[in-house]
Amino acid sequence: MSLVAVFHLRRERDFGPRAGIPIVAMLWACATMLAVSVMLAAKSGWIRLARRCAGEPVRADGRVAFGSLRMNRSRAMDRVRYRAHVTVSDEGVGLSLPTLYTFGARPLLLPWASLRERSYRRGVQDRFSFLVWPEVVEVKLRGRAARLAGEAWERRGRYLGAIPLTGARIP
């Protein structure tokens with residue numbers, strides 16, 4: 001058998017019934033990624049917040065790309081971590097996810113008036129945490145995103161209808 005005939009037989013064999021396996025594997029990976037992103041959005045409370053607080057700030061005064069964000073919809077559950085885009089404006093805090101994770105998670109605009117139990121700590125790694133009411137979703141920002149939102153809270157939030165931290169629990 002010549003080398004051309006062997007190459008020809010091999011080529012026919014490569015396009016047999018197993019040729020569709022890579023395509024099926026890619027479709028399975030895409031479907032799995034979509035399912036995981038929707039489950040994380042539901043577990044963290046993002047979908048619950050999107051029903052009430054969907055939107056983006058009209059004019060952002062500051063923006064941090066890929067800021068550290070943790071969310072959970074009840075204090076008993078594990079937190080879901082994201083790398084989110086955080087924007088701050090007179091309207092409130094805007095949160096959006098990178099394009100890869102946006103299935104099931106629309107951009108959020110959390111009004112200053114809905115932020116309760118606020119805590120802002122400065123230090124080596126700044127932390128800004130708050131509870132979004134009435135949906136009862138806890139949001140924690142760290143690093144540059146926390147500094148941006150915490151300073152905006154101190155400048156604007158207190159005077160734009162936000163309820164200051166009193167130490168009392170929300171009923």
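See the structure above.
What counts, and at which threshold
Residues numbered from 1 in each chain as written. Predicted model: local features only at pLDDT ≥ 70, side-chain atom pairs only at ≥ 80, totals over all residues. Heavy atoms only, no water. Helix = DSSP H or I, 4+ residues; strand = E, 2+ residues; numbered from the N terminus. Buried < 20%, exposed > 50% of the residue type's maximum accessible area, 1.4 Å probe, protein only. Salt bridge = Lys/Arg side-chain N within 4 Å of Asp/Glu carboxyl O. Core = buried A, V, L, I, M, F, W, Y, C linked by side-chain atoms within 4.5 Å.

A separate point is the environment of Val38. On the secondary structure map, Val38 appears in helix α2 (residues 21-44). The partly exposed category is assigned to Val38, whose relative accessible area is 28%. For the pair Val38 and Phe103, spaced 65 residues apart in sequence, the C-alpha to C-alpha distance is 6.4 Å.

Our next topic: the pattern of salt bridges. Applying the stated criterion across every chain yields a total of five salt bridges. For the salt bridge of Asp90 with Arg59, the shortest nitrogen-to-oxygen distance reads 3.9 Å. On the criterion of sequence distance, the pair formed by Asp90 in the loop between β2 (80-88) and β3 (92-96) and Arg59 in the loop between α3 (46-53) and β1 (62-72) is long-range, its members being 31 residues apart. With a relative accessible area of 41%, Asp90 lands in the partly exposed category. The class of Arg59 is exposed, set by a relative accessible area of 54%. With its nearest N and O atoms 2.8 Å apart, the salt bridge here joins Asp126 to Arg147. Of the two residues, Asp126 sits in the loop between β5 (115-121) and β6 (127-132) while Arg147 sits in helix α4 (residues 144-155), which places them 21 residues apart along the sequence. We classify Asp126 as buried; its relative accessible area is 3%. For Arg147, a relative accessible area of 35% puts it in the partly exposed group. One salt-bridge network, held together by shared partners, links Arg59, Asp61 and Asp90.

Here we come to the nonpolar core. One finds Trp46, Leu69, Leu95, Leu110 and Leu141 to be the most contacted residues of the largest nonpolar core, which totals 34 residues. Here this core takes six residues from α4, the largest share from any one element.

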